[in-house]
Amino acid sequence: MIQNILATATFAPSAHNRQPWRFVVISSQSVKENLAEAMAIDFERDLTRDGLLPEKIQAQLKRSKDRITSAPVVILLCLDMSEMDSYPDENRQHAERMMAIQSVAAAGLQLLLAVHVERLGGVWACWPLFAQETIQGTLNIHESWEPQAMFFVGYSADIPEPRGRKPLEEIAVFMR
Ligand SMILES: Cc1cc2nc3c(=O)[nH]c(=O)nc-3n(C[C@H](O)[C@H](O)[C@H](O)COP(=O)(O)O)c2cc1C
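Keep in mind it's a predicted model, so treat the numbers as computed, not measured.

J.: Now, about the nonpolar core: what can you tell me, with residues and values included?
T.: Burial of nonpolar side chains together is a common tendency in soluble globular proteins. Core analysis: the largest hydrophobic core is formed by 23 residues, its most contacted members being Trp21, Phe23, Ile75, Leu111, Phe151 and Val153. When residues of this core are traced back to their parent elements, those giving at least two are helix 1 (2-9), strand 1 (21-26), strand 2 (73-80), helix 4 (90-117) and strand 4 (145-154). Looking at which element gives the most residues to this core, the answer is helix 4, with six residues. Listed in part, the 17 residues of the second largest apolar core include Leu35, Ala125, Ala131 and Ile135.

So, in structure tokens, the structure goes:
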């Protein structure tokens, strides 16, 4: 199932078809626990800086650690810029990086849709963006693999109510 999910994710469109997405699939409980502990250190530092009460910090740390360790499979989605084009000017280099990020995000959405097709549940979490180096060090992944998101995948414990969407009038302009 996971192989199917990853294969579907790789059919996302990508800028110049460079396919800058990389995946780390974690089902080992000990790896999940090491990762959760390591990420919690960064998270605790950030929450302490925010001035949150210690009890609130501990509650948030527990919640995020539990989400990682209780997911049957955690899929880390990374961005690899090494095969993208390089430009001497900042403007085009920034655009190239944005293209790569958009491509990786497209793969993330395909991944979630593929999870759904397999009748599994999946959640997109952005925390890797706040702990990129910690994750690279803990999982011993190449420094060109920049963690972007993690997906918690497994059989759904329940089916949540659909979340609302803004009406089209608010978010679209029709130029007839
Ligand atoms: C870039 C991105 C980052 C997200 N980060 C998180 C997250 O850290 N934790 C979480 O519970 N959900 C996260 N989500 C899921 C959103 O909260 C969710 O998609 C949104 O609330 C709409 O709900 P729905 O997808 O169930 O319709 C993220 C989604 C995206 C696209």
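J.: Explain helix 1 to me, and be specific about the residues and the numbers.
T.: When we look at burial in helix 1, the residues that qualify are Ile5, Leu6 and Ala9. Down the axis, helix 1 shows its buried residues gathered within 95° of arc, on one side only. Where helix 1 is buried, its residues meet strand 1, strand 2 and helix 4.

J.: So what's going on with the site of the ligand? Which residues, and what values?
T.: Around the ligand, the surrounding shell consists of Arg67, Val123, Trp124, Ala125, Cys126, Trp127, Arg163 and Arg165. Within the backbone of Cys126, one N or O atom sits 3.1 Å away from an oxygen atom of the ligand. Burial of the ligand by the protein amounts to 48% of the accessible area it has alone, namely 620 Å². At three residues, strand 3 (residues 121-125) tops the list of elements feeding residues into the shell around the ligand. Split by residue class, the shell around the ligand holds five nonpolar, no polar and three charged.

J.: I'd like to hear about the environment of Asn17, residue by residue, with values.
T.: Here Asn17 is to be found in the loop between helix 1 and strand 1. With a relative accessible area of 53%, Asn17 lands in the exposed category. Distance from Asn17 to Met84, taken between C-alpha atoms, is 9.6 Å for residues 67 residues apart in sequence.

J.: Describe helix 2 (residues 29-49), with residues and values.
T.: Look at helix 2: 30 Å from first C-alpha to last across 21 residues, which is about the 30 Å you get at 1.5 Å a residue. Looking at the packing, one finds that the buried side of helix 2 touches strand 1, helix 3 (54-70), strand 2, helix 5 (132-139) and strand 4. Of the residues one or two after helix 2, Gly51 is the one with positive phi, at around 85°.

The rules behind these values
- Residues numbered from 1 in each chain as written.
- Predicted model: local features only at pLDDT ≥ 70, side-chain atom pairs only at ≥ 80, totals over all residues.
- Heavy atoms only, no water.
- Core = buried A, V, L, I, M, F, W, Y, C linked by side-chain atoms within 4.5 Å.
- Buried < 20%, exposed > 50% of the residue type's maximum accessible area, 1.4 Å probe, protein only.
- Helix = DSSP H or I, 4+ residues; strand = E, 2+ residues; numbered from the N terminus.
- Arc of directions from axis to C-beta.
- Contact = heavy atoms within 4.5 Å.
- Near = heavy atom within 4 Å.
- Polar contact = N/O pair within 3.5 Å; in protein donor to acceptor, adjacent residues only side chain to side chain.
- Areas by Shrake-Rupley, 256 points an atom, 1.4 Å probe, with all protein chains shown as cover.
- Nonpolar A, V, L, I, M, F, W, Y, C, P; charged D, E, K, R; others polar.
- Expected span 1.5 Å × (residues − 1).

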